[in-house]
Amino acid sequence: MSFWRVLLAIFFPPLSILDKGCGSVLIVLLLTICGWVPGVIAALVILNNPDS
């Protein structure tokens, strides 16, 4: 997880995980629409996942 991706996850969460797949982007987009904080948390969890 690079510094730039973390910054991008904080300011625009769906854009930071574009390479993780369509499902992840849609989930983070929906969470960001519902509230900024859930979207940021979901993006950081997805970025921190070592499996992907």
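Please read all numbers here as calculations on a predicted model, not as lab measurements. (Residues numbered from 1 in each chain as written. Predicted model: local features only at pLDDT ≥ 70, side-chain atom pairs only at ≥ 80, totals over all residues. Heavy atoms only, no water.)

1. Brief notes about helix H4 (residues 36-48)
- The terminal C-alpha atoms of H4, which comprises 13 residues, lie 18 Å apart, in line with the 18 Å expected from a rise of 1.5 Å per residue.
- Listed as buried for H4 are Gly39, Val40, Ala42, Ala43, Ile46 and Leu47. Along the axis of H4, the buried positions cluster into a sector of 165 degrees, meaning they face one direction only. Exposed and facing more than 90 degrees away from the buried side of H4 are Ile41, Val45 and Asn48.
- Next to the buried residues of H4 lie helix H1 (3-11), helix H2 (13-16) and helix H3 (22-34). (Helix = DSSP H or I, 4+ residues; strand = E, 2+ residues; numbered from the N terminus. Expected span 1.5 Å × (residues − 1). Buried < 20%, exposed > 50% of the residue type's maximum accessible area, 1.4 Å probe, protein only. Arc of directions from axis to C-beta. Contact = heavy atoms within 4.5 Å.)

2. Digging into the pattern of salt bridges
- Following the criterion strictly, the structure yields 1 salt bridge and no others.
- Arg5 is the partner of Asp19 in a salt bridge, and the nearest nitrogen-oxygen pair spans 2.7 Å. Placement of the pair is Asp19 in the loop between H2 and H3 and Arg5 in helix H1, with a sequence separation of 14 residues.
- On the accessibility criterion, Asp19 (53% relative accessible area) is exposed.
- By relative accessible area, which is 26% here, Arg5 ends up partly exposed. (Salt bridge = Lys/Arg side-chain N within 4 Å of Asp/Glu carboxyl O.)

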